[in-house]
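Read off the chains here:
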Amino acid sequence: MKKRDFSLEQLRQYDGSRTPRILLAVNGKVFDVTKGSKFYGPAGPYGIFAGRDASRGLATFCLDKDALRDEYDDLSDLNAVQMESVREWEMQFKEKYDYVGRLLKPGEEPSEYTDEEDTKDHNKQD
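Residues numbered from 1 in each chain as written. Predicted model: local features only at pLDDT ≥ 70, side-chain atom pairs only at ≥ 80, totals over all residues. Heavy atoms only, no water.

Student: How should I be thinking about the UniProt feature "domain: Cytochrome b5 heme-binding" (unreviewed entry) in the protein chain in this particular structure?
Tutor: Under the feature "domain: Cytochrome b5 heme-binding" (unreviewed entry), the UniProt entry names residues 6-104. Secondary structure across residues 6-104 divides into 32% helix and 13% strand, with the first and last C-alpha atoms of the span separated by 6 Å. (UniProt positions renumbered as here; feature names shortened; annotations may be inferred. Helix = DSSP H or I, 4+ residues; strand = E, 2+ residues; numbered from the N terminus.)

Student: How do you make sense of the pairing of strand E2 (residues 29-32) when you look at a structure like this?
Tutor: Side chains on a regular strand alternate between the two faces of the sheet. Side chains Lys29 and Phe31 project from E2 onto one buried face, and the interleaved Val30 and Asp32 project onto a second face that is buried too. Bridge analysis of strand E1 (residues 23-26) against E2 gives four bridges, and the strand direction is antiparallel. Its bridge partner lying in E2, Val26 is registered against Lys29. Taking the residues between adjacent antiparallel strands as the criterion, E1 and E2 are bridged by two residues, where Asn27 takes a positive phi near 55°. Here E2 pairs with strand E3 (residues 98-102) via four bridges, running antiparallel. By the bridge assignment for E3, Lys29 is matched with Arg102. (Buried < 20%, exposed > 50% of the residue type's maximum accessible area, 1.4 Å probe, protein only. Pairing = 2+ DSSP bridges.)

What follows is the structure in structure tokens.
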């Protein structure tokens, strides 16, 4: 998948039910978790995170819809332990899955990625 940035609305299209590709965001970064579809697909135990910003749910170990926000979530109300958990999850996703872009804040413009940036190691991003 070519690197690009996503609004929350655009991200929701990649929940594994509308398209076979599954994306989710952690700490402002979007990852392609399609190869983990048995976990993140519609019938998977973490399917609730597909096409969504999973940061709050991962930070609080909550798999309920209550852990997901329909609006952009800046995570500002999470405590230090929960924010450290988010960063640890982000590192795990970076190691396991392809980084495909950023989750855009409201009003933020998407970055223009070159073909060269598409081939860079995603760990060097941000």
